[in-house]
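Architecture at a glance
Each chain is listed here by its residues.
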Amino acid sequence: MRALRLGVAALFVLAAPLLTAARADANLEPPCSASGTLNGVTYDAAKVNAATIPRTGDVHWKGSIPGSGTRAIDGKVVVKLPWPIPERTLGSWTKESDSYENSGVYHYDLPSVLAGVDIPVSGDHTEHGKTCLGSVVVRIEGGGVSNPVVIGTFVVFIISGVGLWVSFRPKGV
Amino acid sequence: MRKRWLLGAVSGFFFGLSLSIILLGFHVIHLDSILVTLLPVLGLVVGIAGALWAPRGARPAPTAPPAPPEGT
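Residues numbered from 1 in each chain as written. Chains lettered and ligands numbered in written order. Predicted model: local features only at pLDDT ≥ 70, side-chain atom pairs only at ≥ 80, totals over all residues. Heavy atoms only, no water.

Digging into the overall build of chain A
For chain A, the count of helices and strands is two helices and nine strands. Along chain A, helices (α) and strands (β) appear in the sequence α-β-β-β-β-β-β-β-β-β-α when read from the amino end. The buried share of chain A, taken over its 173 residues, is 28%. Within chain A, contacts between residues at least 6 apart in sequence are counted, and of these 64% link residues at least 24 apart. As presented, chain A carries roughly 10,500 Å² of accessible surface, and 63% of it is formed by carbon and sulfur atoms. (Helix = DSSP H or I, 4+ residues; strand = E, 2+ residues; numbered from the N terminus. Buried < 20%, exposed > 50% of the residue type's maximum accessible area, 1.4 Å probe, protein only. Contact = heavy atoms within 4.5 Å. Areas by Shrake-Rupley, 256 points an atom, 1.4 Å probe, with all protein chains shown as cover.)

The following block contains the structure:
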């Protein structure tokens, strides 16, 4: 039993730092450029790799790439979710286009349970054999003990911990 | 306690799940971290294993039968 406990403890000590290590988020690579303005604050995708935003809002976005003429383009913006849940596509484009810039307003309204959660958002754009990649970690305002789900989870954590302790106790005691 | 392994499994699963939610809420891990899925599974496995392999408690020593009264 002691060997099992030591083995599990060692697994967590060794694996946790690797699994929780901060990612090397990539800013948007040239020649693409993109930015979003939210509540008067403009985030340049080439300079920002993390941002804290409110739970609901309207993002005034724009993107561009140098060039001219009609060509085939392909791209998407996705939110990465925990395995095995597939990533969710926020927007995508694949067509023939002679436009080299675009803009719009994206409205979002996230549930309160996501307050404080760090959500990885990434995007890519491909044309003429070139691909631009970019990613950002978006943190929803709030979180911690201000998120009622987290408070309720603490209760579950304690109760299940007690259940584990009872199940690990020597049999017959 | 019979079904101890069931208690260990359920407790371990929810222990791991609640731990992953707490880590998310306090910005320790990102939403796409493998730990979000791995912790509940690990908790389930550890809960079952710990419950099945819990050592047996010491049984009280058997008491000797009382000596017969003298003269019989």
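Looking at the side chain of Thr153 of chain A
In this fold, Thr153 of chain A is placed in helix H2 (residues 148–168). Relative accessible area serves as the criterion here: at 6%, Thr153 of chain A is assigned to the buried category. Residue contacts for Thr153 of chain A: discarding those within four places in its chain leaves Ser18, Ile21 and Ile22 of chain B.

Observations regarding the interface of chain B and chain A
Facing 40 residues of chain B, the contacting portion of chain A comprises 42 residues. Carbon and sulfur atoms supply 74% of the area that chain B and chain A bury against each other, a total of about 3,600 Å² over both sides. Linking chain B with chain A are zero salt bridges, by the criterion used here. At the junction of chain B with chain A, the criterion picks out seven residue pairs in polar contact (both at pLDDT 80 or more). Broken down by secondary-structure element, the contributors of at least two residues to the side of chain B that touches chain A are helix H1 (4–25) and helix H2 (35–52) of chain B. When its residues are assigned to classes, the side of chain B that touches chain A shows 25 nonpolar, 12 polar and three charged. (Buried area = accessible area lost by both parts, 1.4 Å probe. Salt bridge = Lys/Arg side-chain N within 4 Å of Asp/Glu carboxyl O. Polar contact = N/O pair within 3.5 Å; in protein donor to acceptor, adjacent residues only side chain to side chain. Nonpolar A, V, L, I, M, F, W, Y, C, P; charged D, E, K, R; others polar.)

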